[in-house]
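# Structure assessment
These are the residues of each chain, in order.
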Amino acid sequence: QWLNSLYKAKVKCNTEFVFPSSQEPPLNARVFSGIQPTGVPHLGNYLGALENWVALQDQYPSVLYSIVDLHSITQPQDPDKLRNNILDMAASLLACGINPEKAILFQQSQVSEHAEFCWILGCLTSMPRLRHLPQWKMKSKQKNEGSVGLYIYPVLQAADILLYKSTHVPVGEDQVQHLELAQDLARIFNLHYGELFPEARALLSSTRKVKSLRDPSSKMSKSDSQAMATISITDSPDDIAQKIRRAVTDFTSEVTFDPQARPGVSNLVTIHAAVARLSVEEAVSAAKGLDTGAYKGLVSEAVIQRLAPLREEIQRRRADPAHLEALLALGSRRARQLAAPVLDEVRHRVGFS
C-alpha cells in the first residue's frame, strides 16, 4: 500500500537542457547514460545522443557511459554477433569522441552489481507501475507476448542510474517516464531504508529528433525493415547519397520547415542543420533557390563530409579488437570501484549484512 501511495504522489520528472559550457554544474554532479550494443550507431543516435555525450564529458566532473548488453538480451541475440556488436559500439563511441580519460566507458554485464541491485529494486516496484510504461505497451504488443526481462528492464535502468548515485541522465523524450521510475525508486528506497540516493535529473538535448527517411512520422531506427530509411555512420558516400535521394518528401518544390505539414522535407532540414552546425533558419536560407531534388544533393554532401572522418576512425579502431577489449575491461574495473561500495551499503541497509 505504501508503494502505491508513493507512486500516486510522484511529481513530474525534472528535466533540463544540457548545460552550456559557460555554466558550471555542481561539484558532486555525476552523469550516467547507456546505449545498447546494436552495432554501429545510426545518424539519429549520433546527432541526438552521442554528440551530447561528448560535450557532457567536458562539462561534468564525473561521467559514466555504459554499453548496456544486459538490456540488449531482452531481444533474442546471436552470441557471436553480440560480442562483435559490443566491440563495434565501443569503437564507434571512441571514434565519436568519447574519451576514456574523461569518462568511464564500460560494459554493463561486467559489473555484476547492476543485476543484483536490479533484483532489490524490483522488490520495491509494483507490477501496475511497470505495466503502464509506454515502451512495454508498444514492444509487448509488437511481439504479442513480451519476456519478463522486457517487462522489468526499466527497473534495470533505474539500477544503472542509482548504483552510481547519478545526478543527471541524458535521455530522449521517449525515456523520460523510465527516468521517473528511477526517481520514484530513489524516493521509495530512501523512505524505507534511510536517505542514500539522489533523484537524478533528465538532460534533454536541444537537437531535434532525426526521423526515418522513408517514414518521417517515425524516428530513425536500426530495426527499420526498410534499408533506405536509416543512415549508419559507417555508410559509404554512395549509400548516403542514395538514401537521401530516395528520402520521402512531397510535391512542393520549395524547401521550407514545417514538421506538421511537410514532415519529409523538414526532416532533411533538421539533418542538414545538425550536421552542418546551422540553425534551422540558416539551413532553409542555404536552400533558397533550390528545389527539393537539388536540396537533397546539398544535404548529402553535408552528411558525407561530417561522417567521413568517423567512418575512417571506426575502421581504424575496429582493426585492433584486443585494444578495445582492454579499454572496456579497464572501464569496467573503474565502474566497479564506484558501484561496489554503494551496493555494500544497500546490502547492509536491506539487512543482508
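These figures come from a predicted structure and were not determined experimentally.

### Focus on the packing of aromatic side chains
- In total, this model carries seven aromatic pairs according to the counting rule given.
- Aromatic pair Phe189 and Phe197: ring centres 5.2 Å apart, planes at 70 degrees, arrangement edge-to-face.
- According to the relative accessible area criterion, Phe197 is buried, its value standing at 2%.
- A connected cluster of aromatic rings, assembled from ring pairs, spans Phe117, Phe189, Tyr193 and Phe197.

### A few points about helix α13 (residues 292–318)
- For α13, with 27 residues, the first-to-last C-alpha span of 37 Å sits near the 39 Å given by 1.5 Å per residue.
- For α13, the side-chain oxygen to backbone nitrogen distance between the N-cap and Gly293 is 3.2 Å, and the N-cap itself is Asp291.

### Description of helix α5 (residues 113–122)
- All of the buried residues in α5 are Glu113, His114, Phe117, Cys118, Ile120 and Leu121. Seen from one end, α5 has its buried residues packed into an arc of 165 degrees, which puts them on one side.
- Close packing links the buried residues of α5 with α3 (69–72), β4 (104–107), α8 (148–162), α9 (176–193) and α14 (321–350).

### Section: the domain arrangement of the chain
- For the chain, the domain assignment lists domain 1 (29–209 + 321–350) and domain 2 (227–317).
- The C-alpha-based centres of domain 1 and domain 2 are spaced at 30 Å.
- If you look at the interface, domain 1 gives 15 residues, while domain 2 gives 19 residues.
- For the pair domain 1 and domain 2, the two sides together bury roughly 1500 Å², of which 72% comes from carbon and sulfur.
- Sorting the residues of domain 1 by area buried against domain 2 places Leu43, Ala95 and Arg208 first, and these three jointly supply 36% of that buried surface.
- The interface formed by domain 1 and domain 2 holds two salt bridges in total.
- Among the ionic pairs, Glu51 bridges to Arg306, the shortest N-O distance being 1.9 Å.

### Remarks on the nonpolar core
- Of all hydrophobic cores here, the largest spans 56 residues; its most connected members are Tyr65, Leu93 and Leu307.
- The leading source of residues in this core is helix α4 (residues 79–96), at 10 residues.
- Here this core spans two domains, and each of domain 1 (29–209 + 321–350) and domain 2 (227–317) adds at least three residues to it.
- For Leu93, the residues in contact, after removing those within four places along its chain, are Ile35, Leu50, Trp53, Ile67, Ile98 and Leu105.
- Counting residues in each nonpolar core, the second largest holds 41 residues, with Cys118, Leu121, Ala186 and Ala335 among its members.

Scoring rules and cut-offs
- Residues numbered from 1 in each chain as written.
- Predicted model: local features only at pLDDT ≥ 70, side-chain atom pairs only at ≥ 80, totals over all residues.
- Heavy atoms only, no water.
- Phe/Tyr/Trp six-rings, centres within 6.5 Å; stacked < 30°, edge-to-face > 60°.
- Buried < 20%, exposed > 50% of the residue type's maximum accessible area, 1.4 Å probe, protein only.
- Helix = DSSP H or I, 4+ residues; strand = E, 2+ residues; numbered from the N terminus.
- Expected span 1.5 Å × (residues − 1).
- Polar contact = N/O pair within 3.5 Å; in protein donor to acceptor, adjacent residues only side chain to side chain.
- Arc of directions from axis to C-beta.
- Contact = heavy atoms within 4.5 Å.
- Domains from an automatic or database assignment.
- Buried area = accessible area lost by both parts, 1.4 Å probe.
- Salt bridge = Lys/Arg side-chain N within 4 Å of Asp/Glu carboxyl O.
- Core = buried A, V, L, I, M, F, W, Y, C linked by side-chain atoms within 4.5 Å.

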